Structure formats: C-alpha cells, structure tokens
Amino acid sequence: MRITQGCFSFLPDLTDEQISSQVDYCLSKTWAIGIEYTDDPHPRNTYWEMWGNPMFDLVDPKGVMMELEACRKQFGDHYIRFNAFDSTRGFETVTMSFIVNRPKVEPKIRMIRQETDGRSQRYSFETVR
Amino acid sequence: MDGDIPAPLPTTVDLRAEYESSGVKELLDDLDQEMIGLKPVKQRLRETAALLLVERARKSLGLTHHTPTLHMSFTGNPGTGKTTVALKMAGLLKRLGYVRKGHLVSVTRDDLVGQYIGHTAPKTKEVLKKAMGGVLFIDEAYYLYRPDNERDYGQEAIEILLQIMENNRDDLVVILAGYADRMDKFFESNPGFRSRIAHHIDFPDYQNEELHRIATHMLTEQNYVLTEGAKAAMDDYIALRRSQPHFANARSIRNALDRARLRQANRLFSSASGPLDATALSTIEEQDIRASRVFSGGLDSDRKEDAA
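Residues numbered from 1 in each chain as written. Chains lettered and ligands numbered in written order. Predicted model: local features only at pLDDT ≥ 70, side-chain atom pairs only at ≥ 80, totals over all residues.

Caption draft 1: A look at the overall build of chain B. Secondary structure assignment for chain B yields 15 helices and seven strands. Expressed as lengths along the three principal axes of its C-alpha atoms, the size of chain B is roughly 85 × 55 × 30 Å. Counting only residues that meet the buried cut, chain B has 32% of its 308 residues in that class. Residue pairs at least 24 apart in sequence account for 78% of intrachain contacts in chain B once pairs closer than 6 positions are excluded. (Helix = DSSP H or I, 4+ residues; strand = E, 2+ residues; numbered from the N terminus. Buried ≥ 20, exposed ≤ 12 C-beta atoms within 10 Å, placed from the backbone. Contact = placed C-beta atoms within 7 Å.)

Caption draft 2: Fine view of the overall build of chain A. Looking only at helices and strands, one finds two helices and six strands in chain A. The N-to-C order of helical and strand elements in chain A reads α-β-β-α-β-β-β-β. Of all 129 residues assigned to chain A, the portion counted as buried reaches 22%. In chain A, the share of contacts with a sequence separation of at least 24, taken over all contacts with a separation of at least 6, comes to 53%.

Caption draft 3: The sheet that holds strand β2 (residues 49-55) of chain A, seen in detail. All names here are of chain A. Pairing within the open sheet is antiparallel, and its four strands lie in the order β2-β1-β3-β4. This sheet does not close on itself; its edge strands, each paired only once, are β2 and β4 (93-101). If you compare each strand with its neighbour and ignore which way they point, the axes differ by 20° on average. Direction of pairing for strand β1 (residues 32-38) relative to β2: antiparallel, over a ladder of four bridges. By the bridge assignment, Glu36 is partnered in β2 with Met50. (Pairing = 2+ DSSP bridges. Axes fitted to C-alpha atoms, helices over the stretch in contact; angles between N-to-C directions.)

Caption draft 4: Looking closely at the environment of Ile214(B). All names here are of chain B. Looking at where Ile214 falls in the secondary structure, it is placed in helix α10 (residues 208-221). Overall, the presence of 22 C-beta atoms within 10 Å leaves Ile214 in the buried class. Sequence separation between Ile214 and Gly134 is 80 residues, and the spatial gap between their C-alpha atoms is 29 Å. Once you skip the residues sitting within four places of it in the chain, Ile214 turns out to touch Ile36, Tyr206, Ala250 and Ile253.

Caption draft 5: Representation of the sheet that holds strand β4 (residues 173-178) of chain B within the structure. Residues and elements named next belong to chain B. In spatial order, the strands read β2-β3-β4-β1-β5; together these five strands make up an open sheet with parallel pairing. Looking at the sheet topology across the chains shown, the edges are occupied by β2 (104-107) and β5 (199-203). Direction aside, neighbouring strands of the sheet carry axes that sit 20° apart on average. In terms of strand pairing, β2 meets strand β3 (residues 135-139) through four bridges, oriented parallel.

Caption draft 6: Broad picture of helix α7 (residues 154-167) of chain B. Taking 1.5 Å of rise per residue, 14 residues should cover 20 Å, and α7(B) covers 20 Å from first to last C-alpha, within 8% of that figure. If you follow the buried residues of α7(B), they end up packed against α5 (109-112), α6 (120-131), β4 and α9 (191-196) of chain B. (Expected span 1.5 Å × (residues − 1).)

Caption draft 7: Representation of the pairing of β3(B) within the structure. Residues and elements named next belong to chain B. Of all five residues making up β3, four are buried, and the element is well covered by its neighbours. Note that β3 and β4 share five bridges and pair parallel. Following the sheet pairing, Ile138 is matched in β4 by Leu176. The parallel pair β3 and β4 is bridged by α7, and the resulting crossover is right-handed. (Right-handed = clockwise from strand over helix to strand, strands pointing away.)

Caption draft 8: Region of interest: the nonpolar core. All names here are of chain B. Residues Leu93, Val135, Val174 and Ile175 are the most contacted members of the largest nonpolar core, which totals 49 residues. What Ile175 contacts, discounting residues up to four positions off in sequence, is Met72, Phe74, Ala86, Met89, Val135 and Phe137. Of all hydrophobic cores here, the second largest spans 18 residues; its members include Tyr237, Ile238, Leu257 and Ile284. (Core = buried A, V, L, I, M, F, W, Y, C linked by C-beta atoms within 7 Å.)

Caption draft 9: The pairing of β4(A), seen in detail. Residue and element names in this part refer to chain A. Here strand β3 (residues 79-86) runs beside β4; their pairing, made up of seven bridges, is antiparallel. Within β4, the residue paired with Asp86 across the bridge is Thr93. Counting the residues between successive antiparallel strands, the hairpin from β3 to β4 contains six residues, one of them, Gly90, with a positive phi of roughly 100°.

Caption draft 10: Focus on unusual backbone geometry. Even without being a glycine, Thr30(A) presents a positive backbone phi close to 55°. Here Thr30(A) lies in the loop between α1 (16-28) and β1.

Caption draft 11: Representation of the packing of helix α2 (residues 24-34) of chain B against helix α3 (residues 39-60) of chain B in the model. Residues and elements named next belong to chain B. For the pair α2 and α3, interaxial distance at closest approach is 11 Å and the crossing angle is 175°. As far as their axial angle goes, α3 and α2 are roughly antiparallel. Across the interface between the two elements, Val24, Leu28, Leu31 and Asp32 of α2 pack against Lys42, Leu45, Arg46, Ala49 and Leu53 of α3. Partitioned by chemical class, the residues of the contact of α2 with α3 number six nonpolar, no polar and three charged. (Parallel < 35°, antiparallel > 145°, perpendicular 65-115°, else oblique. Nonpolar A, V, L, I, M, F, W, Y, C, P; charged D, E, K, R; others polar.)

Caption draft 12: Spatial organisation of the packing of α1(A) against helix α2 (residues 61-75) of chain A. Residue and element names in this part refer to chain A. Close contact between α1 and α2 brings their axes to 9 Å; oriented N to C, the two are set at 130°. Classified by the angle their axes make, α1 and α2 are oblique. Crossing hand, α1 versus α2: right-handed. Residues Asp16, Ser20, Val23, Asp24 and Leu27 of α1 pack against Pro61, Val64 and Met65 of α2. (Left-handed = near helix turned anticlockwise from the far one by under 90°.)

Caption draft 13: Layout of the environment of Leu52(B). Checked against the element boundaries, Leu52(B) lands in helix α3. A sequence separation of 45 residues divides Leu52(B) from Gly97(B), and the C-alpha atoms of the two residues are 9.2 Å apart.

Caption draft 14: The arrangement of the confidence of the model for chain B in detail. Mean pLDDT for chain B: 86, with 95% of residues reaching 70 or above. With a pTM of 0.82, the predicted complex shows an ipTM of 0.82. (pLDDT = per-residue confidence, 0-100.)

Caption draft 15: Structural context of the environment of Pro107(A). Residue and element names in this part refer to chain A. Counting through the fold element by element, Pro107 comes out in the loop between β4 and β5 (108-115). Residue classification places Pro107 among the partly exposed positions, given that 17 C-beta atoms sit within 10 Å. With 104 residues separating them in the primary sequence, Pro107 and Ile3 have C-alpha atoms 9.0 Å apart. Setting aside its immediate chain neighbours within four residues, Pro107 contacts Pro41, Thr127, Val128 and Arg129.

The following block contains the structure:
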C-alpha cells in the first residue's frame, strides 16, 4: 500500500527536478538537509537510518542530489526521505520531511487484534513483508 | 489553452544593454576602482566577461552552445590579489548565469587530502558538495601532488577533482592558484589538469608606485592620513622592503601599516599632554614609519642569516 507519510505523499512521485527545487527552497531558508532510509514504513517507525550526516553548510541542491544518487545506488529498494532541519533559536526542529524514493513493491500494513482482560481488544499495526 | 507553446525567439540582441542590465558593467567598474594595478588580470577578466556575454546572447537567440570550460589557474606571488579576484570572478559568473549561487569556497591541500587510507575521498566529496553551485578556489594547488612520498593521498584527491571538473562543468568552477613556476611543474606532472583549465591568468608583482597607492587606499578606508614626511618614508620603506626576504606584496604593506598604527598609538599615548582631536588620532607621522626595522636591514633573524 502506498504510504502517505510526509509532505507531497498524496502526489505522484516527485521527479528529480522537483526534488531539486524543493531542496533549493529549503537551502534558501538555511535549513539543513538530512537523508534517511528504511525498509519498514510502519507509522510508528519515526527514526529511520541516517545516510551520512545532515548537511548544514550547503548552498546548492546539487550537493544533496549527489548524496541521494549514492543512497539510491545502495538502497534503491528502500524508502528514502529528506528531512529539512530549521536550526533557528526557538525552533530547532525538522520543518519539512518528504519521501524521495519508494521500493517497487510497497509492504502492506496489517491490523492485529489482541484480547486483554475482560474481552477488551487492543489493536496494533504490523508491517507485512 | 495550451501553455506549452514556447515564445518565439528574439532575432537580435543588444550586447551593450545586456552588459549593463546583467550587472557585469557595475562589477567590472568596481574591480577597476578597488584593485590597483593588475592590468593583465583586468584585461583578461574583461575578455572573459565579453565571451560569456556573447555566449549568453547566442543562447538567447536559440543557437546551440556548449557550456564553456571556465576552470582557471591563477599564478603569482603571495599578496598579489589572487583570492580577491577569485571572489570577484565568482560574482561575475553568477551575474552572467554560469554558476547558480556564486559563493566562493576557498580550500588548501589539507581540506582535501586525508590522513589515512579511505579518508581522502569523503573529505574531498564534502568540500565539493559545499562548493557546488559556486566557485572552488584551491590555494597552493601543487601541494596536492607529492611524488616523493608514495604514502601520500593527494593523488586520490586529484582524481576526484578531475572527474568532477569534467562531468560537473555546469555545477562548479574550479580555480587553482599558486606560484608560477611550481604550478608549471604541477601541470607538467598532471596533464589532466592542464587540459581542463581553459584560462591561465598571471598576477604580476605590484610596482612600488602601485604599492604606495594601495597603502594610501588602505589608510583612507580606515580614516588615517599620512603627513608629507610619512609619505616619503613610505616610499623608502617600500623600496627597501621589496629586497628583503618574505616579501608578500599587498599583504606586507598591510602588515607594515598595522605596525605603523601601533607605533602611532604608542606615541600618542606616551606623549599626549592634553585632549586629542580626531585629526591627531588619524595622522601617521614620519617617525611612525621610520622606526621600522626594515630601515636597519630587516628582522634580526634575517640579518643573522645574512651575516652567517
């Protein structure tokens, strides 16, 4: 199922040019870009694996796209996302996060029911590979 | 309504108007004013600007064009303005649209070469990522290649640079800088670099008169004035300093002026008998310059070497 996490996730996949212009917008606001990847799209999986360090001193999106190419070469069948981090005082947070690469076949997410005391049900989600 | 039909291409282009509207004229005029001397450099910059303007004009008329090779090599002694001109070059390229962002990243060998195996490639790649969209200025470029030490990792950095210089010509302009003779040797042993560099610009040493003007310019910027005696002393100083070791053109002048200001401050401090006005605080007297060790033959360490 096509997961809808992050910005632009309801749109069709962004082209490299579109990704580049989004990165340009982030860099123009002096936000740092960090690349993360994972193969588990569970909604509670907040912390994906980092690809290299967040790039704080870049001026042009080409540098970020070079890193994305390298990440795609190694983890082409994983989810890859860009996080834009705003380091101004009072914010110090990720302001923008969007998926830039999806695996060819996206895993399904299944709901599990668990019976607890009385006959209460606890519901949780699980990624199905 | 089809928004995809391209607008018809113009059939003529006014180069003069382009020259002014793109901000190139302003930048070159600034360069003429701010930098003293450097005639061949300014000439070359004007020629490069003309070439890039015409290329841009051809592109706007729909003629095919390949990105011109813009990598350059600046050769010359220290203190002749190579880094300053590289910065101006970055601004020029940005105004003509040949680099996207026009920032300058200035590095030396240590920023590119690692200390152990596997360290060089990520280090160089980090620097290149930062420099993308602008100009990478590599100072003392010949240190990248150390043929005598086979454990040196400079060759790796060179290879990465060469590949980027060829494949990412739209994204990055590389300017190498250093002494003329050592750069020649460097290019001889790395023909790959020489073939990728389109423009070789030599920075001649400043003349005495030009150094004097630079000194006056620096002082005026800081609201200082030289007395007539001080001006004569400055002329003598420049003539003497040039022949002494480690002469670094404009940088030596800047250091000399800093020391003159130090002596002026001490003189005012120790001999002030009443309140001082702005004129007194801004005037550099002859003795502030004559007190320099240059007039007695140079630094003690240099003189000892001569004697020995």
